[in-house]
Amino acid sequence: MTGAIYGRTVSAVPKRRRRRLVMSFEMVRLDRASSEPLYQQLYRQIREELESGSFDSSASRVPSSRVLAATLAISRPTVNQAFSKLLAEGYLQVRKRSGIFVADHLPATFLKAARLTATARTEHCPRVAQRVTRMTDFRRGRQLDVGIGGPPSVTLVAGLPAVDEFPIAVWERLREQVLAKKGAHLLRYASSRGEIELRKAIAAYLCDFRGANCHHDQIVVVGGMQQAMLACALALINEREVAWIEDPVFHQARNVLAFVGAKTVPRPIDREGLVIGKCSRQNSPRLILVTPSHQFPLGVTMSLKRRKALIEFAQSRDGYILEDDYDFEFRFEGPPLPCLQGLDHAGRVIYSASMSKILYPSLRIGFLVAPPQLVDTLVKVRAIMDQHSPAIDQATLARFITEGFFLSHVKRIREIYAKRRVFFIEQFQKWLGDYFVLEVTPAGLHFIAWLRHAEDFPLFMRAREQTGVWARPLSFFCIKAQLDPAFVFGFAAWSHAQIEQGLAKLASAVKQLKRRGAGNGSSFQIDRLSPATSSYWPSTAV
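A quick note: this is a predicted structure, and the numbers were derived from the prediction, not measured.

Visitor: Any chance you could explain the nonpolar core here in plain terms?
Guide: One broad rule of soluble globular proteins: the nonpolar side chains tend to lie buried together. In this structure, Y417, F424 and F489 are the most contacted members of the largest nonpolar core, which totals 41 residues. Listed by contribution, the elements that provide at least two residues to this core are α14 (405-432), β13 (436-439), β14 (446-451), α15 (457-467), β16 (486-490) and α16 (496-516). Ranked by residues supplied to this core, first place goes to α14 with eight residues. Those residues in contact with Y417 that lie beyond four places of it in its chain are P161, A162, F330, F332, K357, L445, F491 and A492. Grouped together as the second largest cluster of nonpolar side chains are 32 residues, V170, Y205, I219 and F406 included.

See the structure below:
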């Protein structure tokens, strides 16, 4: 891999060869008509390059005077004169038998001045579109680097699958086969609907295992669940039109609706799922986002009665339901209910799912099953976003499904998760049972742990920061819902040893904070529930 960065060509080579990497200074431009001498121009431009501090330290060797003179079509004495000034001022250093290199420590005064100049250039506040400012995403800088940094530590964050259990060898073999068979065809632009083989495989799977009623022409392949939500919102909602959303909810769903300018109406969750309640026809929702198989984060499975009522409501108000079939593969107790789409005879449900939790997140493949009258609209919106998902990955996934590897993987990974789930419950009781009541639901890859004593909330917020065991507070997912203090723990991505390590570390940190009285005066706040007994309090608990 080779990358040109502001005049430097840096090749990715092993460390043992890095001494051969040379800064090229290809962006140096000398003006022979200028009154400034050529050596002074060369000196100044090289110094400015070094002051920028953006060069790759692995390419810190300076080209020889002969090479640079030939590149710039000037004499070697001119180059040597510029190099002499840079050596005298401490920008360059000579290494015996190696050549001239950038100094290990550049002059601090110049670097400070360069930093001040760079800061001055970026002080202004950019004018951004309202759709961006409406979002509730306040991350900055490295906080936006989700997923970067190698293998995850034991964070116990919800939503991470066990990627180390994915059958990479099988996947790579299938990938080689589809490339050998289709070759350059897969390197061209692909259909915005998705590869036909993949859509057929998905349709067959959904009809057989989810009780769906669909044809492959109703399927649109997308780049994951968030793109599925955005495509539907863009296709169906105008500015200030109403969209219903569960409360609490996956936080990115809120951002999607804010981004498109929808009037978001949070709806509470009871033990049967989203509460429909009453609403005027003027405030009828154009789109209703629901997770009926396993509501995130409360874990409720929507009852059959509520599913039918929701479809009837959407039909009566000329709205659509976006069904996020979240965690439907990971049900550990009792049979799963059929998906909403399979119950819909009015063309009001758009089914959506993602391969992120089943296979691996960076695959970025999900899909929509739309009523026939909406398919073309969604394909047009999909085409504007990024045209299509990678054709090679789509073709590989199609083979992975049709040759039976998908079902085998789901069965195997479900067994692994079932064991980790039981182990997590046991270890949670051992280490944190004195602080929490752990709610156990029949499905899903996370738990809600309800604090026994609200005053312990600040302690656990501080313990999270100290340990890196980053279980989210339930309030993070709430819009208007006022719930008892609780935390959401994930367990799927970690081995038994890692689960025990994470829980023990968190418990130890809390005990130390308690001894020091560190919770007193904390800036962390909780919303006290009124009345004291919440309808969300777990009915099934350890």
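Visitor: Can you walk me through the sheet that holds β14 in this structure?
Guide: Pairing between sheet strands relies on hydrogen bonds along the backbone, with the strands arranged either parallel or antiparallel. In spatial order, the strands read β13-β14-β16-β15; together these four strands make up an open sheet with antiparallel pairing. Both edges of this open sheet fall to β13 and β15 (472-473), since each of them pairs with a single strand only. The sheet contact formed by β14 and β16 spans five bridges and is antiparallel. For F447, the partnering residue across the bridge sits in β16 and is F489.

Visitor: Please explain the pattern of salt bridges as it appears in this structure.
Guide: When their charged atoms lie close together, side chains carrying opposite charge are able to pair. Summed over the entire model, instances satisfying the criterion amount to 19 salt bridges. The structure contains a network of salt bridges with shared partners spanning E36, R44 and E48.

Visitor: Looking at this model, I keep getting lost on the pairing of β13. Mind explaining?
Guide: Side-chain positions along a regular strand alternate between the two faces of the sheet. The alternating pattern of β13 places F436 and L438 and V437 and E439 on opposite faces, both of which are buried. From the end of β13 to the start of β14, which pair antiparallel, there are six residues, and G444 there has a positive phi angle of about 100°.

Visitor: Would you explain the packing of α14 against α16 in this entry?
Guide: For any two helices packed against each other, the geometry is given by the interaxial angle and the distance between the axes. α16 packs onto α14 with a crossing angle of 25° between their chain directions and a minimal axis gap of 10 Å. On the basis of their axis angle, the class for α14 and α16 is roughly parallel. Both α14 and α16 take part in a crossing whose hand is right-handed. Here K419, R420, F423, F424, Q427, F428, K430, W431 and L432 of α14 lie close against α16, whose contacting residues are H496, I499, E500, L503, A504, L506 and A507. Grouping the constituent residues of the contact of α14 with α16 by class yields ten nonpolar, two polar and four charged.

Visitor: I keep staring at the confidence of the model for the chain and nothing clicks. Help me out?
Guide: The predicted coordinates of low-pLDDT regions are not to be read in fine detail. Predicted confidence across the chain gives a mean pLDDT of 86, with 85% of residues reaching 70 or more. Every residue in residues 1-20 is under pLDDT 50, and counting partners more than four places away or in other chains gives 34 contacts. Residue range residues 520-542 is modelled with pLDDT below 50. Its contacts to residues more than four positions away, or to other chains, number 49 contacts.

Visitor: What is the right way to look at the layout of surface pockets in this model?
Guide: Rolled over the atoms, a probe as big as a water molecule pinpoints where empty space is left. Size it by volume and the second largest pocket reaches roughly 270 Å³. Residues of the lining of the second largest pocket, tallied by class, amount to six nonpolar, two polar and three charged.

Visitor: I tried to follow the packing of aromatic side chains on my own but got confused; where do I start?
Guide: Remark: the centre distance and the inter-plane angle together describe each pair of aromatic rings, the angle taken between the planes. Tallying each qualifying case throughout the model produces 27 aromatic pairs. Measuring from ring centre to ring centre gives 5.6 Å for F428 and F436, while their planes differ by 55°; the resulting arrangement is tilted. Taken together, the ring pairs connect F424, F428, Y435, F436, F447, F457, F460, F487, F489 and F491 into an aromatic cluster. Across from the ring centre of Y320, 4.9 Å away, lies the NZ or CZ of R348, which sits over that ring.

Visitor: Help me out: how do you make sense of the side chain of T467 in this one?
Guide: One can find T467 in helix α15. Side-chain polar atoms of T467 contact the backbone nitrogen of V469, separated by 3.2 Å. T467 has contacts with K505, L506 and A509, leaving out every residue within four places of it along the chain.

Visitor: Which parts of the structure should I look at to understand the state of the cysteines?
Guide: Note: disulfide means a covalent bond formed between the sulfur atoms of two cysteine side chains. In total, this model carries zero disulfides according to the counting rule given. With no disulfide of its own, C214 lies 4.0 Å from the sulfur of C207, the closest cysteine sulfur.

Visitor: Is there a simple way to think about the packing of helix α1 (residues 38-51) against helix α3 (residues 76-88) in this case?
Guide: Two elements in contact, α1 and α3, have axes whose closest approach is 8 Å; the angle formed by their N-to-C orientations is 45°. Put simply, α1 runs oblique to α3. Classified by chirality, the crossing of α3 by α1 is right-handed. On α3, the residues touching L38, Y39, Q40, L42, Y43, I46 and R47 of α1 are T78, V79, Q81, A82, F83, K85 and L86.

Visitor: Just to check I follow, could you spell out the environment of F476 for this structure?
Guide: Mapped onto the fold, F476 is located in the loop between β15 and β16. C-alpha of F476 to C-alpha of H251: the two residues are 225 residues apart in sequence and 7.9 Å apart in space.

Visitor: Would you explain the environment of Q227 in this entry?
Guide: Mapped onto the elements, Q227 comes out in helix α8 (residues 225-236). Sequence separation between Q227 and V256 is 29 residues, and the spatial gap between their C-alpha atoms is 9.0 Å. When residues no more than four places from it in sequence are discounted, the contact partners of Q227 are V222, R382, M385 and D386. Separated by 3.5 Å, the side chains of Q227 and D386 make a polar contact.

Visitor: I'm lost on the sheet that holds strand β6 (residues 242-247) in this one. Help?
Guide: Ordered by their spatial adjacency, eight strands build an open sheet running β5-β12-β11-β10-β9-β6-β7-β8, and the pairing between neighbours is mixed. Edge positions in the open sheet fall to β5 (219-222) and β8 (273-274), since each of these has one partner strand only.

Procedures and definitions
- Here the residue numbering is sequential within each chain, running from 1 through the sequence in written order.
- This being a predicted model, a pLDDT of at least 70 is required before a residue's local features are given, and a value of 80 or more before pairs of side-chain atoms are given or counted; all residues contribute to the totals for chains, interfaces and linings.
- Side-chain measures were taken over the full set of non-hydrogen atoms in the model, leaving aside hydrogen atoms and water.
- Here the nonpolar core consists of buried residues drawn from Ala, Val, Leu, Ile, Met, Phe, Trp, Tyr and Cys, with membership extended through side-chain atoms lying within 4.5 Å.
- Relative accessibility decides the category of a residue: with a 1.4 Å probe and only protein chains considered, values under 20% of the type maximum give buried, values over 50% give exposed, and everything between is partly exposed.
- Numbering of helices and strands runs from the N terminus, with a helix taken as a DSSP run of H or I at least four residues long and a strand as a DSSP run of E at least two residues long.
- Here, residues are in contact when the closest pair of their heavy atoms is within 4.5 Å.
- Two strands are counted as paired when DSSP detects at least two bridges linking them.
- Between Lys or Arg on one side and Asp or Glu on the other, a salt bridge is scored when a side-chain nitrogen of the former is within 4 Å of a carboxyl oxygen of the latter.
- Each axis is a line fitted through C-alpha atoms, and for a helix only the stretch in contact is used; angles between axes span 0 to 180 degrees, taken between their N-to-C directions.
- For this classification, under 35 degrees means roughly parallel, over 145 means roughly antiparallel, 65 to 115 means roughly perpendicular, and everything else is oblique.
- Left-handed describes a crossing whose near helix is turned anticlockwise from the far helix by less than a right angle; the clockwise case is right-handed.
- Note on residue categories: nonpolar means Ala, Val, Leu, Ile, Met, Phe, Trp, Tyr, Cys or Pro, charged means Asp, Glu, Lys or Arg, and polar means any other residue, Gly included.
- For every residue, the pLDDT score states the predictor's confidence, bounded by 0 at the bottom and 100 at the top.
- A cavity, in this analysis, means grid points on a 1 Å lattice covering only the protein atoms where a 1.4 Å probe fits yet has no way out; a pocket is instead an open set bounded by protein on both sides within 12 Å along at least five of seven lines, and a residue lines either one if it has an atom within 4 Å of a point.
- Grid points are joined across faces, edges and corners, and a volume is the space filled by probe spheres set on the points.
- Centres within 6.5 Å make a pair out of two Phe, Tyr or Trp rings, where for Trp the six-membered ring is used; the pair is then stacked when the planes are under 30 degrees apart, edge-to-face when over 60, and tilted otherwise.
- Two conditions define a charge sitting above a ring: the NZ of Lys or the CZ of Arg must be within 6 Å of the ring centre, and it must be within 35 degrees of the ring normal.
- Counting of polar contacts relies on pairs of N or O atoms within 3.5 Å, with two restrictions inside protein: one atom must be capable of donating a hydrogen and the other of accepting it, and residues adjacent in sequence are counted only when both atoms are side-chain atoms.
- Cysteine sulfur pairs qualify as disulfides if the two atoms are within 2.5 Å.

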